[in-house]
Amino acid sequence: MTAGAQATQATNWTARRAIVCLAVGIALVGASAAADTLEPRYRKLGPDAVRSERIVTQGDWAAHLVDVLGLTPALTDDSSIEDVFGLLCPKDSGHRSDVAGGSTAGTSAYHAVIDVPKPKSPSDLLRMTVSLPSPAVYMLSVEGSGPQRWVVDQQVVGHLDPSELGVAQAREVVPLRRGPHEITAFLAHDSSAERVELTAYTPLCIEPAEGWRADRPLLHGDRARTMVRALGIEQRLPESGEPIVIEAESYANASAWGVRTHRKLTTRASEHTWVTAEGSPAEFTYRLHLEDPSLFTVEAVVHGISPQIWSIDGRHRVTVTPDEAAEGFAPADVITLPLTAGEHVIRALIPPDSGIDLIRLVRRKSDAADYLDLIEEAGFRGKAPAAYVTRSAAYKSLSNPTFLAHAYRYLEQVAGRPPMPLVEHDVGAVYSRPPSPLLPPEL
Amino acid sequence: MNIRCTTVVSLLMAFSWVVSSAEVALARPGSGAETESNRFSWHPSITTSTEADDNTRLESSHSNSDIGIFITPRIELAYQGHWFDLGADLGADVRRYIDKSSPSDEFYRLSGWVELGVLPGVTMRFANAWVPSAVNLAGPADHAANLVQTNRTSADLRFWSEVPGDGEITLAVQGARLISESFSSEIGGNGIDDDFRSDLWEGSFVGEYQTPLADRLSGFVRTHVRFRSFDDASIDDFGDLGAVVGIRTDWLDNLELEISGGYGLLGYYQGDRHHGFVGDLSLRYFVRNGTVLRLSFQSQNVFDIIGNAFAETTARMGVEHHLGERTAVSVGVFSSRLDNKTWNSGVDYYAGVDANIRRQISRRTQVELAYRYGQNAGDYSSDDFSENRLMLTFSYRR
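Residues numbered from 1 in each chain as written. Chains lettered and ligands numbered in written order. Predicted model: local features only at pLDDT ≥ 70, side-chain atom pairs only at ≥ 80, totals over all residues.

## Concerning the environment of B:Tyr396
Residue and element names in this part refer to chain B.
Moving on, step 1. Its location among the elements puts tyrosine 396 in strand E20 (residues 385-397).
Moving on, step 2. On a C-alpha basis, the gap between tyrosine 396 and glutamine 300 in space is 37 Å, while along the polypeptide they are 96 residues apart.
Moving on, step 3. Residues in contact with tyrosine 396, not counting those within four places in the same chain, are Ser45, Ile46, Arg364 and Thr365. (Helix = DSSP H or I, 4+ residues; strand = E, 2+ residues; numbered from the N terminus. Contact = placed C-beta atoms within 7 Å.)

Okay, structure coming up:
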């Protein structure tokens, strides 16, 4: 082949390659223009986020969080971003719901109370419907007696026995969409159910420091705060100052069967005095005044083997299960939540032969930097609290296998198991190396 | 020794900067916005491992079974602001075997960096890393017999911008200087140089354009140019360029897929040119029961620190499964084919299986049991080896 022919061939090759590159470029730009109409406003982060330096909005972050936490069954095609925020952190605004198959004793946006109709015969299935005005993660509780099995929309939420306390909370929480839902109960012989409540599970509220704002850029501090709450490890935040200690016997009010006692157990009670329920369940009420708002972990030193129901300010209600192995008193985590300055009420409903020795409110540091430290301890890289989160960083956080493994169990975790998540100690894979030992992986 | 002095001095300077910055940050009381804007963090950690290895020197004779104890203390420091990141990662890796003929050694992992957001979309990064690097790419990258201490100083300039059509473009240039401690190496079939140093300059440019193509589908074009120039072996100087077109999608729920393919050209300034297909396929599938499946395939040009360039084809497959909250198990297989293009010195293979189980003991402590079998085989049987390794590791990280 002559030099001229070679030059011509080389020119042809170059021209062909240029045409191919140009065609690919035009195809990508054209397709991207067509794709403009396909992108909904707020949605789960997509494949374009993998290497995107765009700033992620709180709306997109919340939409992706709801997806990985398994809460999307509560959303419909016409759900708004406010519904997404409500799933992550229900804020009661006082709306009312309609109830059929039972009479409404009191309802609001995230709460429905149903007076259960009397069954025509003892073997009858109890069936009722309730129309919920807001999508949320709901917990069912029932007043009555005897063993019973409750089902919401074909999903078993718990085998309950409210005999000891007169009320029982389901162990499973369930994401429910706006609109009508069927509630079914199978009652054992001699069992009864008088009232059923479906209440949005408020104790675990996932939201940024200043609440959700759909179009506001997500900051690293907010990313950390929401991830910590999704992982259920907020009680690991560092303590701040002396805890507030309330002796159980210094209650403000006690129901009929609640008494103080000096009875000795295998472990000594604080101040040698504690409270118990004699014969029937008893409710103890404690009042406290906080000078400053703060995040608190409420802990209790309790006695007994049966579950107790605790509530803070009448809204945040949790079931506390004492350590069965402890013969005397044992500490139990009640709840971690932010409390405002001012008056607060703690109520504890305990079954017979159970008791409370004392209540501790541990103040916790809750600055953005504290949350960032906590997720870094769990193996996630952080940045400055006020730095914007890029879509790629958001995507990386939410597709981390460790985070996903725990996020997928979010609904179980809500039911009260103390989390001990496996974290990344950055020990590295047994065999791994970047594409080139001298080229940083990000390039 | 120059490496150590330079590195230690630079790290001490970085560390003092971190500490002084930290003092300023920590001195601010309360939780006001000013405190929230900057942040100092530190995470000390230590891992202790006991290893049973049936080939500690990675030799074909396979005659060095031994028990080793490794201790790896480490501290990660960071001071972060809205427009800058300053960090240091300071650690040591001390490896001791019972039999003195095994390669007991200690390595240092000391790195520091500063990243500055100088203008919207423009980032500069300066970094220095005194860390061990793998010598033989067709061998385990974490094995003492395959590691040499190197120092790499680099400067990056990165530009990112949105472009019309919902696309994004990233351009990055990097210059770096790598120096190594002397080690024993075979030089181009001319025998063994016991005092070989891999001192070189290198530079690279990377450009990427990505855009959404459809619902749950995005496309990208990526191109790169690299060069490397050795101080003492200019015959090994080379340039490398490549361009790929690819897509990323998660059309199927919980399935991430990225496929790219293109052309790569590798050329020595004083020698041959090699070109061919470069590409990447990676797939990750999450199952809601806590299982993650991974599959990857890569065809690319890679380089070792001696000056060899390889056309590498690697495939990996792995499964990780979380057993409850505290425990995870993973199993994987891998295989690499490295075709040496520098001296046309043949093809090397490295393949094997690995498995590990991790359990969280307490909030900050973890235990891991890992097993790996790796086998090297190639055109020159004299350097082939196989290795079984079982490692029990306890780690603490706060």
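Picking up where we left off.
## Re the sheet that holds strand E12 (residues 253-254) of chain A
All names here are of chain A.
Moving on, step 1. Overall, antiparallel pairing links the 5 strands, which are arranged E12-E15-E20-E17-E18 in an open sheet. Each having just a single partner strand, E12 and strand E18 (316-320) make up the two edges of the open sheet.
Moving on, step 2. As paired elements, strand E17 (residues 308-312) and strand E20 (residues 342-350) share 4 bridges and run antiparallel to each other. Counted as the bridge partner of serine 311 is arginine 347 from E20. (Pairing = 2+ DSSP bridges.)

## Some words on helix H3 (residues 81-88) of chain A
Moving on, step 1. For H3(A), the buried fraction is high: 6 of the 8 residues fall into the buried class.
Moving on, step 2. Residues of H3(A) that are buried sit in contact with helix H2 (58-68), strand E5 (136-145) and strand E8 (167-176) of chain A. (Buried ≥ 20, exposed ≤ 12 C-beta atoms within 10 Å, placed from the backbone.)

## Thoughts on the confidence of the model for chain A
All names here are of chain A.
Moving on, step 1. Here chain A shows a mean pLDDT of 80. Residues at 70 or above account for 79%.
Moving on, step 2. When the criterion is pLDDT under 50, residues 28-40 qualifies, and its contacts beyond four places in sequence or with other chains add up to 21 contacts.
Moving on, step 3. Below a pLDDT of 50 lies the segment residues 427-443, which in the model reaches 35 contacts outside its immediate sequence neighbourhood of four places, other chains included. (pLDDT = per-residue confidence, 0-100.)

## Comments concerning the environment of A:Pro351
Moving on, step 1. For A:Pro351, the position within the fold is in the loop between E20 and strand E21 (355-364).
Moving on, step 2. For the pair A:Pro351 and A:Ser131, spaced 220 residues apart in sequence, the C-alpha separation works out to 33 Å.

## Some remarks on the confidence of the model for chain B
All names here are of chain B.
Moving on, step 1. Residues with a pLDDT of 70 or more make up 89% of chain B, whose mean pLDDT is 85.
Moving on, step 2. Of all the helices and strands in chain B, helix H1 (residues 2-27) carries the lowest mean pLDDT, 49, while E20 carries the highest, 94.
Moving on, step 3. Under the prediction, the complex receives an ipTM of 0.83, its pTM being 0.83.

## A look at the domain arrangement of chain A
Residues and elements named next belong to chain A.
Moving on, step 1. On domain assignment, one finds that chain A holds domain 1 (38-89 + 202-237 + 366-432), domain 2 (102-192) and domain 3 (239-364).
Moving on, step 2. Domain 2 and domain 3 are separated by 27 Å when their C-alpha centres are compared.
Moving on, step 3. Taken together, the contacts link 5 residues of domain 2 with 6 residues of domain 3.
Moving on, step 4. Of the residues assigned to the side of domain 2 that touches domain 3, the class counts are 2 nonpolar, 2 polar and 1 charged. (Domains from an automatic or database assignment. Nonpolar A, V, L, I, M, F, W, Y, C, P; charged D, E, K, R; others polar.)

## Description of the pairing of strand E6 (residues 148-152) of chain A
Residue and element names in this part refer to chain A.
Moving on, step 1. Side-chain alternation along E6 places Gln148, Trp150 and Val152 on a buried face and Arg149 and Val151 on a face that remains uncovered.
Moving on, step 2. As judged from the 5 bridges shared by E6 and strand E7 (residues 155-160), these two strands associate in the antiparallel manner. By the bridge assignment for E7, glutamine 148 is matched with leucine 160.
Moving on, step 3. Connecting E6 to the antiparallel partner E7 that follows it, the hairpin turn spans 2 residues, and aspartate 153 within it adopts a positive phi of roughly 50 degrees.
Moving on, step 4. Judged from the 5 bridges that link them, E6 and strand E9 (residues 179-187) form a sheet pairing that is antiparallel. Bridged to arginine 149 within E9 is phenylalanine 186.

## Here we look at the environment of A:Gln58
Residues and elements named next belong to chain A.
Moving on, step 1. With respect to the helices and strands, the residue glutamine 58 is situated in helix H2.
Moving on, step 2. Overall, glutamine 58 belongs to the buried group, with 26 C-beta atoms counted inside 10 Å.
Moving on, step 3. It is 47 Å that separates the C-alpha atoms of glutamine 58 and tryptophan 274, two residues lying 216 residues apart in sequence.
Moving on, step 4. Not counting chain neighbours up to four residues away, the residues in contact with glutamine 58 comprise Pro208, Trp212, Arg213, Ala214, Arg216 and Leu218.

## A closer look at helix H4 (residues 220-231) of chain A
All names here are of chain A.
Moving on, step 1. Between its first and last C-alpha, H4 extends 16 Å over 12 residues, near the 16 Å set by a 1.5 Å rise per residue.
Moving on, step 2. Within H4, 11 of the 12 residues are buried, which leaves the element mostly enclosed by the surrounding structure.
Moving on, step 3. All of the buried residues in H4 are His220, Gly221, Asp222, Arg223, Ala224, Arg225, Thr226, Met227, Val228, Ala230 and Leu231.
Moving on, step 4. Positive phi shows up at glycine 232, right after H4, with a value of about 70 degrees. (Expected span 1.5 Å × (residues − 1).)

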